[in-house]
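Residue-level structure breakdown
Spelled out, the chains give:
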Protein chains: 2
Amino acid sequence: MAKLDANLDRCFSALGDPTRRMILQRLARGEASVSELAEPHDMALPSFMGHLRKLEDAGLITSTKQGRTRVCELAPDAFTPVKDWLSEQSAIWEERLDRLDDYVTNIMKERNK
Amino acid sequence: MAKLDANLDRCFSALGDPTRRMILQRLARGEASVSELAEPHDMALPSFMGHLRKLEDAGLITSTKQGRTRVCELAPDAFTPVKDWLSEQSAIWEERLDRLDDYVTNIMKERNK
């Protein structure tokens, strides 16, 4: 649970930045080298590399060295932990609505007795 | 776009913390007072209030003063911006898979000519 929590922390925190979301959006269209990814961003390379590292630490992207170039791609099932967490919340919410529904139905039954 | 971006930044950053996710999970089951929400957390009240403020700034929760008690609840459509962003990524990804599919189909056609 603590391990899963730390993973979700990293995932959500990594997504909380527009540069990092733009990188993910670009990688959804296919793999790209670090320089291709950096090109649209007006940013010093070390800062840009810091963003890539955060995405990699969160398990959202993977990177491999191909000769002298580092190529990044979206991790398979990158968004699964985030989507699973959101589904869990929806399930709790719907359970609550079901209970509310039962409650109202019971009140109506009592009234019509 | 910039405004939407800032909203997503706040949303995702707010979700990147286990205390804040626990608060949301509790509120999915129904509204609660600040003291009810704080009870399971071993934390000084000012720090806890800081977490609530971040959730409120991100539009994930709302709070109202009822007499001397502040009551919090999950915002309606709290997770919509996050879910919309994730759907957008899936759409880009699927478009890519469709293009790959077309490409493979064309190769097969050429081969069978």
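Use the structure listed above.
Quick summary incoming for the structure in this document. (Residues numbered from 1 in each chain as written. Chains lettered and ligands numbered in written order. Predicted model: local features only at pLDDT ≥ 70, side-chain atom pairs only at ≥ 80, totals over all residues. Heavy atoms only, no water.)

Regarding the relation of the copies chain B and chain A
Quick note on the threshold: Here the copies were fitted onto each other by least squares, based on C-alpha atoms from residues at pLDDT of at least 70 in both. We call two residues in contact whenever any of their non-hydrogen atoms come within 4.5 Å of each other.
Rotating chain B by 180° and translating it 0.0 Å along the rotation axis places it on chain A, where the RMSD comes to 0.1 Å. Such a turn and shift between the copies fits a two-fold axis. Same-surface contact between copies: 100% of interface residues of chain B are shared with the interface of chain A.

Topic: the interface of chain B and chain A
Rules: Buried area is calculated as the accessible area (1.4 Å probe) missing from two parts once they are joined, with the contributions of both summed. We define a salt bridge as a contact between a side-chain nitrogen of Lys or Arg and a carboxyl oxygen of Asp or Glu at a distance within 4 Å.
The interface is formed by 30 residues belonging to chain B together with 30 residues belonging to chain A. Across the chain B to chain A interface the summed buried area is about 2600 Å²; carbon plus sulfur atoms make up 61%. On the surface where chain B and chain A come into contact, there are 4 salt bridges. Asp5(B) is the partner of Arg21(A) in a salt bridge, and the nearest nitrogen-oxygen pair spans 3.7 Å.

With respect to the environment of Gly30(A)
Residues and elements named next belong to chain A. Which entries qualify depends on this criterion: Here a strand is any run of E in DSSP of at least two residues, a helix any run of H or I of at least four, and the numbering for each starts at the N terminus. Whether a residue is buried, partly exposed or exposed follows from its accessible area with a 1.4 Å probe, protein chains only, as a fraction of its type maximum: under 20%, in between, or over 50%, in that order.
In this structure, Gly30 sits in the loop between α2 (18-28) and β1 (32-33). Looking at Gly30, the relative accessible area reads 7%, which means it is buried. The spacing of Gly30 and Leu74 is 44 residues in sequence and 7.8 Å in space, taken between C-alpha atoms.

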